[in-house]
Amino acid sequence: MAEQSIQITAHKILYILVVEQSLRAGESMSIKALASDLQRHGISESERQPALDWAISKGWLEQGPDAEVRLTEAGFDMNFTQ
């Protein structure tokens, strides 16, 4: 998967968490529920993990203790109008 494609998928994941799921900084979503949303958006499992890893490396997401994905302040503050 090309880096640009990973970045686009990571932005889609953040959009889903913030805009569609209305998560706020510090809130989390189970990986199973997220996988369901991503599948609905046409994002495959093979695309998901590299994008999640990239978003975590950018500080937008954190891996929670129970394998959930937690939104950080930086992830919540992203500008989705660009």
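Our structure's up above, just so we're on the same page.
Residues numbered from 1 in each chain as written. Predicted model: local features only at pLDDT ≥ 70, side-chain atom pairs only at ≥ 80, totals over all residues. Heavy atoms only, no water.

## Here's the deal with the packing of helix α1 (residues 3-20) against helix α2 (residues 31-40)
The description of two helices packed together rests on the angle between their axes and the distance between the axes. Test applied: Every axis in this analysis is a line fitted to C-alpha atoms, fitted for helices over the stretch in contact. Angles between the N-to-C directions lie between 0 and 180 degrees. Numbering goes from the N terminus for both helices and strands, where a helix is a DSSP run of H or I of at least four residues and a strand is a run of E of at least two. In what follows, roughly perpendicular refers to angles from 65 to 115 degrees, roughly parallel to angles under 35, roughly antiparallel to angles over 145, and oblique to any angle outside these ranges. A contact between two residues is defined here by any heavy atoms of the two lying within 4.5 Å. Residue polarity follows a fixed list, in which Ala, Val, Leu, Ile, Met, Phe, Trp, Tyr, Cys and Pro are nonpolar, Asp, Glu, Lys and Arg are charged, and the others, Gly among them, are polar.
Two elements in contact, α1 and α2, have axes whose closest approach is 11 Å; the angle formed by their N-to-C orientations is 105 degrees. Comparing the axis directions of α1 and α2 gives the class roughly perpendicular. When α1 is examined against α2, the residues I13, I16, L17 and E20 are found in contact with a partner set consisting of L34, D37, L38 and R40. Classifying every residue of the contact of α1 with α2 by side-chain character gives 5 nonpolar, no polar and 3 charged.

## Notes on the environment of Q49
Heads up, the condition is: Relative accessibility thresholds used throughout: buried, under 20% of the residue-type maximum; exposed, over 50%; partly exposed, between the two (1.4 Å probe, protein chains only). Here a polar contact is taken to be a pair of N or O atoms separated by no more than 3.5 Å, where protein atoms must pair a possible hydrogen donor with a possible acceptor and residues adjacent in sequence count only if both atoms sit in side chains.
Within the secondary structure layout, Q49 lies in helix α3 (residues 45-57). By relative accessible area, which is 36% here, Q49 ends up partly exposed. Separated by 43 residues in sequence, Q49 and I6 place their C-alpha atoms 9.3 Å apart. Here the side chain of Q49 touches D53 through a polar contact of 2.8 Å, side chain to side chain.

## Observations concerning the environment of R48
Along the polypeptide, R48 turns up in helix α3. The spacing of R48 and L38 is 10 residues in sequence and 7.8 Å in space, taken between C-alpha atoms. Setting aside residues up to four positions removed in sequence, R48 forms contacts with I13, A35, L38 and I43.

## Description of α2
Short version of the rule: By arc we mean the arc of the directions from the helix axis to the C-beta atoms, nothing more.
For α2, the set of buried residues is L34, A35, D37 and L38. Viewed end-on, α2 has its buried residues packed into an arc of 165 degrees, placing them on one side of the element. Among the exposed residues of α2, those pointing more than 90 degrees away from its buried face are K32, Q39 and R40. Summarising the contacts, the buried residues of α2 are in contact with α1, β1 (28-29), α3 and β3 (69-71). Where α2 terminates, the next one or two residues include G42, which has phi positive at roughly 80 degrees.

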